[in-house]
Amino acid sequence: MQEALDKYSKLQERLKELQSVAIAFSGGVDSSFLLFAALNALGRENVLAVTADSETYPERERDAAIALAHELGAKHIVLHTSELNIPGYAENPVNRCYFCKNELFSHLIPVAAEHGIQHVAFGAIADDLGDYRPGLQAAKERGVIAPLQEVMLYKREIRYLSKDMGLSTWDKPSLACLSSRIPYGEFISQAKLSMIDQAEFFLSQLGFRQLRVRHHHDIARIEVPREDIVEVAKVADMIATKFAEIGYRYVTLDLAGYRTGSLNEALNKEGVRQSG
């Protein structure tokens with residue numbers, strides 16, 4: 001995939017222009033690739049990985065991010081934050097991600113300055129330009145850059161390059177904060193986030209990798225790739241029993257399959273995406 005390799009060369013050039021960068025590092029496919037690229041372009045002394053640990057971020061993902069940063073040889077800091085304490089966040093408005101990213105960057109920017117780092121970057125990619133992403137507005141207002149997006153790298157290209165360069169995250173399932181499982185306008189609570197986390201962890205223990213458990217009051221709507229739908233049905237009784245223990249009254253399987261940002265579908269029909 002020569003085009004992806006050409007974009008990687010442009011990414012290296014862009015990162016070298018920055019001289020030093022602090023990266024919002026979740027341990028997902030995109031931020032891991034950005035960290036890897038930055039380390040190659042700038043060296044360890046000029047790169048800082050920063051992970052925000054909060055109630056919307058599963059503990060197992062935090063631990064995986066810590067391990068990966070160590071594996072890559074990056075300087076790494078874990079910040080403890082709380083989205084639920086951000087005014088307006090728990091009410092779950094359509095621009096919820098704006099509040100989250102704005103809070104994240106408000107922590108990252110002074111941390112970067114304390115370490116003599118000139119720029120703050122995050123792992124937004126070209127795909128994000130085609131969906132409703134209010135967090136991009138927060139980044140723009142804060143002067144936070146998205147190098148992967150600047151060179152128009154898409155997820156498929158990042159996975160290809162990650163595999164080619166030996167990154168263990170090349171086939172890692174796409175991640176998103178647990179709040180993204182709750183429909184806009186429905187209040188976000190610690191109890192709901194815990195239910196979602198437990199349900200998704202259980203499904204992952206059964207061997208399902210790319211998945212979402214969308215939380216609709218007492219209904220859990222499971223999304224998996226279409227090729228996995230039959231496999232989920234085979235263990236339906238086990239899932240129903242466990243989800244009942246977690247607190248769900250009903251369990252459904254979305255026949256449309258997994259798709260990122262499925263709760264944005266109603267917004268897109270209403271024209272919200274065009275305004276954000």
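All figures in this text were calculated on a predicted structure; none of them were measured in a lab.

A. Geometry of the packing of aromatic side chains. Enumeration over the complete set of coordinates arrives at four aromatic pairs. Considering the side-chain rings of Y8 and F33, the 5.8 Å spacing of their centres and the 55° angle between planes classify their relative orientation as tilted. Of the two residues, Y8 is situated in helix α1 (residues 2–18) and F33 in helix α2 (residues 29–42); the sequence distance between them amounts to 25 residues. When the ring centre of Y154 is taken as reference, the NZ or CZ atom of R156 above it lies at 5.0 Å. Sitting over the face of the ring of W170, K163 holds its NZ or CZ atom 4.5 Å from the ring centroid.

B. Fine view of the pairing of strand β2 (residues 47–53). Most of β2 is tucked away: six of the seven residues are buried. Handedness of the crossover joining strand β1 (residues 21–24) and β2 through α2 is recorded here as right-handed. In this structure, β2 lies alongside strand β3 (residues 75–80), joined through six bridges in parallel fashion. By the bridge assignment for β3, D53 is matched with H80. Regarding topology, helix α3 (residues 59–72) serves as the crossover connection from β2 to the parallel β3, and that connection is right-handed.

C. Broad picture of the packing of helix α8 (residues 190–205) against helix α10 (residues 236–246). Remark: α8 packs on α10, axes separated minimally by 10 Å, with the N-to-C direction vectors making an angle of 155°. With respect to α10, the element α8 is oriented roughly antiparallel. Viewed along their axes, α8 and α10 form a crossing whose handedness is right-handed. Here M195, Q198, A199, F202 and L203 of α8 lie close against α10, whose contacting residues are M238, I239, K242, F243 and I246. For the contact of α8 with α10, the residue count by class is eight nonpolar, one polar and one charged.

D. Inspection of the nonpolar core at higher detail. Among the nonpolar cores identified, the biggest contains 34 residues, and L11 and F33 are the most heavily contacted of them. Contributions of two or more residues to this core are made by α1, β1, α2, β2, α3 and α7 (155–164). Ranked by residues supplied to this core, first place goes to α2 with 10 residues. Ranked by size, the runner-up nonpolar core spans 24 residues in total, among them Y89, L193, V232 and Y248.

E. Broad picture of unusual backbone geometry. Positive phi outside glycine occurs at N92, with the angle close to 60°. Judged by relative accessible area, which is 0%, N92 ranks as buried. Positive phi, normally seen in glycine, also occurs at M152, with a value near 60°. Assignment of secondary structure puts M152 in the loop between α6 (147–150) and α7. Since its relative accessible area comes to 32%, M152 is described here as partly exposed.

F. The side chain of E186, seen in detail. As for its placement among the helices and strands, E186 is situated in the loop between α7 and α8. Assessed through its relative accessible area of 8%, E186 is described here as buried. Excluding residues within four positions of it along the chain, E186 makes contact with A90, E91, N92, K192, H215, H216 and H217.

G. Structural context of the UniProt feature "domain: NAD/GMP synthase" (unreviewed entry) in the protein chain. The positions UniProt marks with the feature "domain: NAD/GMP synthase" (unreviewed entry) are residues 17–78. Spanning residues 17–78, this segment combines 48% helix with 24% strand, and its end C-alpha atoms are found 26 Å apart.

H. Geometry of the pattern of salt bridges. By the definition in use, this model includes 21 salt bridges. Where D53 meets R62, a salt bridge forms, and the shortest distance between an N and an O atom there is 3.2 Å. This pair shows no difference in class: D53 is buried, exactly as R62 is. A salt bridge links K242 to E245; its shortest N-O distance comes to 3.8 Å. Note that K242 and E245 are positioned in helix α10 at a spacing of three residues, about one turn of the helix. We classify K242 as partly exposed; its relative accessible area is 28%. The class for E245 is exposed, based on a relative accessible area of 59%.

Cut-off values and rules
Residues numbered from 1 in each chain as written. Predicted model: local features only at pLDDT ≥ 70, side-chain atom pairs only at ≥ 80, totals over all residues. Heavy atoms only, no water. Phe/Tyr/Trp six-rings, centres within 6.5 Å; stacked < 30°, edge-to-face > 60°. Helix = DSSP H or I, 4+ residues; strand = E, 2+ residues; numbered from the N terminus. Lys NZ or Arg CZ within 6 Å of the ring centre and 35° of its normal. Buried < 20%, exposed > 50% of the residue type's maximum accessible area, 1.4 Å probe, protein only. Right-handed = clockwise from strand over helix to strand, strands pointing away. Pairing = 2+ DSSP bridges. Axes fitted to C-alpha atoms, helices over the stretch in contact; angles between N-to-C directions. Parallel < 35°, antiparallel > 145°, perpendicular 65-115°, else oblique. Left-handed = near helix turned anticlockwise from the far one by under 90°. Contact = heavy atoms within 4.5 Å. Nonpolar A, V, L, I, M, F, W, Y, C, P; charged D, E, K, R; others polar. Core = buried A, V, L, I, M, F, W, Y, C linked by side-chain atoms within 4.5 Å. UniProt positions renumbered as here; feature names shortened; annotations may be inferred. Salt bridge = Lys/Arg side-chain N within 4 Å of Asp/Glu carboxyl O.

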